[in-house]
Amino acid sequence: MEMQADPHGALSGRARVPGDKSISHRSLMLAALAVGESRIDGLLEGEDVLATAKALRALGVELVREPGGRWTVHGVGTGGLAEPEDVLDLGNAGTGARLLLGILAGHGFTSFLSGDASLRRRPMGRVARPLRAMGAEILTRSGERLPLAITGRTRLLPIVWRSEVASAQVKSAILLAGLHAPGETTVIEPLPSRDHTERMLTGMGAVVRTAPAEGGGVAVTVAGEVELLPQQFTVPADPSSAAFPAVAAAVAPGSEVALEDVCLNPTRTGAYTTLAEMGATIEITDRRQVAGEEVGTLRIRGGALRAVDVPAERAPAMIDEYPVLFVAAAFAGGTSRFRGLAELRVKESDRLAVMAEGLSACGVRCAIEGEDLLVEGTGAVEGGAAIDARLDHRIAMSFLVLGGLARNPVRVAGAETIATSFPGFARLMNGLGARIRAPAEGTEAERP
Ligand code: S3P
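Predicted model, so just to flag it, every value in this text is computed and none were measured.

(A) Quick peek at the overall build of the protein. Counting secondary structure elements, the protein contains 12 helices and 25 strands. The C-alpha radius of gyration of the protein comes to 21 Å, within 12% of the 22 Å expected for a compact globule of 448 residues. Expressed as lengths along the three principal axes of its C-alpha atoms, the size of the protein is roughly 60 × 50 × 40 Å. Taken over 448 residues, the protein has a buried fraction of 58%. Put simply, 76% of the contacts in the protein that link residues at least 6 apart link residues at least 24 apart. Surface exposure of the protein reaches about 15,900 Å², of which carbon and sulfur atoms provide 50%. In the protein, which carries 46 positive and 53 negative side-chain charges, the distance between the mean positions of the two groups comes to 2 Å.

Shown next, in the form of structure tokens:
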């Protein structure tokens, strides 16, 4: 499906973006491993999370969606999953595939995993290697890519694993596998990545500790062979999804937008720190704790932005927001530098290359220097380009945000991929004053 963003003026109003993708995947998986019935409110019903739900059903877990949107999961206990009859298709979801591998490593049957063309390109060795060290057998296609076969073991070996990348997916896969190992399993990562798994496991009765590691980095340790207690999960709004209306509002002069219930976990808010450094007016009100996570309302006002130099250490806390922050930089005064972006190359697309190419097509001068991206902001952007989303929801949404702020409309082919993480994106943006439409079908906001 193609979508087109026409230039808009100031944005205004209140909105709640859908539930957090990371917490939604984890709620379903951890609820499945608990003993008894868990309930989940606010689950993101995007395609990625629904693929995880489908995989869990194929593994013998009963999941029921109540009419009001609450999900009930009948947990089978750690080690209680059943062999699936067919290939588990995780669609576009790296989180679904990698976290599920950690769980399957602790089950003594064989499963086959695959996904869409984007997921089949992404590296699985980063989780396959530690899980093999724990005792699972994993056979992959060349380059450690999907499709793959995994045969787990009911009792894994506890390990200490040093990951080269700061990745919550790698960390979580190992911690989930560690639940099936006697004693303690430790993951060391170079910088702290999002810690939802640790928080949720702790809330369910597991013992998890985080401490500086000898020789540098952060060590996270889980004690295995524990019974997880069922939970009442409440999923906050996704700060990564909120970044799209937030950037649109920060750039469009005169805008005043409030985004409610946004997860403010400090391992997720690097994009807002960066926007504030660029001179955006961001206020947080109604801060409170909900189900183990801090949430609040983000109030963003539009105005002139200036260039920024984003340190590599901030990458894990804003890893998914770089594409739309590059868009913000294109409208700022001066040249911005974003450092240490190697991980962007292995996301749903090669986001470094695809963003640089798309920004250039929209008339923005930018350059890749090693692992850095430089974006020359001029305050005004030509736009007028046709972009291919390349099966990457965040590429699609970033260029639709750019189109709304540019001089000329931007068209995005393959915009259906937005449904993986942000169903109703166009409707929500249009409700705030954006002008996004599927040219063949009229404005999404106007459709029933
Ligand atoms: C996620 C971790 C990040 C992020 C992804 C979600 C998670 O990936 O990009 O969208 O839920 O754990 P990496 O762990 O590969 O950095």
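(B) The state of the cysteines, seen in detail. Evaluated as defined, the whole model comprises 0 disulfides. Note on Cys-362: no disulfide assigned, nearest cysteine sulfur contributed by Cys-366 at a separation of 9.9 Å. Residue Cys-362 is classed as buried on the basis of its relative accessible area of 0%.

(C) Region of the structure containing the side chain of Asn-92. For Asn-92, the position within the fold is in the loop between strand E6 (88-89) and helix H3 (94-104). Under the relative-accessibility criterion, Asn-92 is labelled buried at 4%. A polar contact is formed between the side chain of Asn-92 and the side chain of Asp-116, at a distance of 2.9 Å. Those residues within four positions of Asn-92 in sequence are excluded, and the remaining contacts are Asp-48, Asp-116, Ser-118, Leu-119, Arg-122, Glu-348, Leu-391, His-393 and Thr-420.

(D) Region of the structure containing empty space enclosed by the protein. Enumeration according to the criterion identifies 1 cavity of 30 Å³ or more in this entry. Here the largest cavity defines a volume of roughly 30 Å³. Together, Arg-26, Met-29, Leu-30, Leu-99, Leu-176 and Thr-197 line the largest cavity. It is helix H1 (residues 21-33) that provides the largest number of residues to the lining of the largest cavity, a total of 3 residues. Residue classes in the lining of the largest cavity are distributed as 4 nonpolar, 1 polar and 1 charged.

(E) Main features of the side chain of Lys-171. One can find Lys-171 in helix H5 (residues 168-178). Residue class for Lys-171 comes out buried when judged on its relative accessible area of 2%. For Lys-171, the contacting residues outside a window of four places in its chain are Val-187, Glu-189, Ser-193, Arg-194, Asp-195, Glu-198 and Val-220.

(F) Structural context of the environment of Arg-132. Within the element layout of this structure, Arg-132 appears in helix H4 (residues 125-133). Expressed as a C-alpha distance, the spacing of Arg-132 and Ala-105, which sit 27 residues apart in the sequence, is 8.4 Å. The contact partners of Arg-132, leaving out residues within four places of it in the chain, are Ile-138, Thr-140 and Glu-144. At a separation of 3.0 Å, a polar atom in the side chain of Arg-132 contacts the main-chain carbonyl oxygen of Ile-138.

(G) Highlighting the layout of surface pockets. The volume enclosed by the largest pocket comes to roughly 550 Å³. In terms of lining, the largest pocket is formed by 34 residues, of which the most central are Ala-166, Ser-167, Ile-319, Glu-343 and Lys-347. Counting only elements with at least two residues in the lining of the largest pocket, the list comes to H1, H3 and H5. For the lining of the largest pocket, the class distribution of residues is 12 nonpolar, 8 polar and 14 charged.

(H) Looking closely at the site of the ligand. Every residue lining the ligand is accounted for by Lys-21, Ser-22, Arg-26, Thr-95, Ser-167, Ala-168, Gln-169, Arg-194, Ile-319, Asp-320 and Lys-347. Contact between the ligand and Gln-169: an oxygen atom at 2.9 Å from a main-chain N or O atom of the residue. A distance of 2.7 Å separates an oxygen atom of the ligand from a polar side-chain atom of Asp-320. When the ligand sits alone it has 380 Å² of accessible area, and the protein chains cover 96% of it. Every element with two or more residues in the shell around the ligand is listed here: H1 and H5. A per-element tally of the shell around the ligand places H1 first, with 3 residues. Here the shell around the ligand is built from residues that sort into 2 nonpolar, 4 polar and 5 charged. The residues that make up the shell around the ligand include at least three from each of domain 1 (2-19 + 236-444) and domain 2 (21-205).

Criteria and thresholds
Residues numbered from 1 in each chain as written. Predicted model: local features only at pLDDT ≥ 70, side-chain atom pairs only at ≥ 80, totals over all residues. Heavy atoms only, no water. Helix = DSSP H or I, 4+ residues; strand = E, 2+ residues; numbered from the N terminus. Rg over C-alpha atoms; globule rule 2.2 N^0.38 Å. Buried < 20%, exposed > 50% of the residue type's maximum accessible area, 1.4 Å probe, protein only. Contact = heavy atoms within 4.5 Å. Areas by Shrake-Rupley, 256 points an atom, 1.4 Å probe, with all protein chains shown as cover. Lys, Arg positive; Asp, Glu negative; His and termini not counted. Charge placed at Lys NZ, Arg CZ, Asp CG, Glu CD. Disulfide = S-S within 2.5 Å. Polar contact = N/O pair within 3.5 Å; in protein donor to acceptor, adjacent residues only side chain to side chain. 1 Å grid on protein atoms, 1.4 Å probe; cavity = no way out; pocket = protein on both sides within 12 Å on 5 of 7 lines; lining within 4 Å. Points joined across faces, edges and corners; volume = space filled by probe spheres on them. Nonpolar A, V, L, I, M, F, W, Y, C, P; charged D, E, K, R; others polar. Near = heavy atom within 4 Å. Domains from an automatic or database assignment.

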